[in-house]
Amino acid sequence: VVSPTSGLVTSEAGGMATFTVVLGSSPAAPVTISEMSSDATEGAVAPASLIFTNLNWNVPQTVTVTGVDDVMVDGTVAYSIVTGAASSADPAYSGLVVADVSASNTDNDAPSVTVTPTSGLVTTEALGTATFTVVLATMPSASVTISVTSTDTTEGTVSTASLVFTTLNWSTPQTVTLTGVDDALADGSVAYTITTGAAASADPSYSG
């Protein structure tokens, strides 16, 4: 008897759920039942197996399912705990099919782009430079492109017109270098802005 066989909810923050397994009658020999997650990237199960004897057959044993964290914005993902057929020298229990348990793992990831810093950068007309970095918070399912432009190229230019993040480099900050531009005007310190465009991607969580 497996209880419950559905409705278990775990979370990527390590949220856990449990179910119990117990035999319906005293076995003539020990009975072993294995437990395995159908998707180890979403849920982990412990213990990996349960053993029932003629002494503890009627005592429910608890199986704990723990949510596994990932870096994908994947929403709630369904998976199951696969309970193997009973293994025993008792022919009444040997090969007996045991019910699986359905579960779902809730997501804790939110797409975002971090720009550091967002103010205080200073360049000079003597070609003095300043830098900032851009990085994604989660792994995208498709490449993410972010455009970078200067609002006043007579005062400062950028080292690249765009940044591309993939499933391989999404967590590595990319550096943008600003270089001051010289002019013949005594115009003092002039403020300008580096505009980072909205993300462009086939990944709907990052698109726009």
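Preceding this section is the structure that the text describes.
Residues numbered from 1 in each chain as written. Predicted model: local features only at pLDDT ≥ 70, side-chain atom pairs only at ≥ 80, totals over all residues. Heavy atoms only, no water.

(A) Structural detail: the overall build of the protein chain. Within the protein chain one finds 0 helices and 18 strands. Taking 208 residues into account, the globule formula puts the C-alpha radius of gyration at 17 Å, and the protein chain, at 29 Å, lies well above it. C-alpha atoms of the protein chain, sized along the principal axes, occupy 100 × 25 × 25 Å. Residue burial in the protein chain is summarised as follows: out of 208 residues, 32% are buried. Across the protein chain, the fraction of contacts at a sequence separation of at least 24, relative to all contacts at a separation of at least 6, is 65%. (Helix = DSSP H or I, 4+ residues; strand = E, 2+ residues; numbered from the N terminus. Rg over C-alpha atoms; globule rule 2.2 N^0.38 Å. Buried < 20%, exposed > 50% of the residue type's maximum accessible area, 1.4 Å probe, protein only. Contact = heavy atoms within 4.5 Å.)

(B) Fine view of the sheet that holds strand β12 (residues 129-136). An order of β11-β12-β16-β14 is seen for the 4 strands of this open sheet, with the pairing classed as antiparallel. One side of each edge strand has no neighbouring strand; the edge strands of this open sheet are β11 (113-116) and β14 (156-158). With direction set aside, neighbouring strand axes in the sheet form an average angle of 25°. Two strands pair when backbone bridges link them, and β11 and β12 are joined in this way by 4 bridges, in the antiparallel orientation. In the strand pairing of β12, Thr 116 is matched with Thr 133. (Pairing = 2+ DSSP bridges. Axes fitted to C-alpha atoms, helices over the stretch in contact; angles between N-to-C directions.)

Honestly, that's just the spatial picture; any functional story needs more than this.
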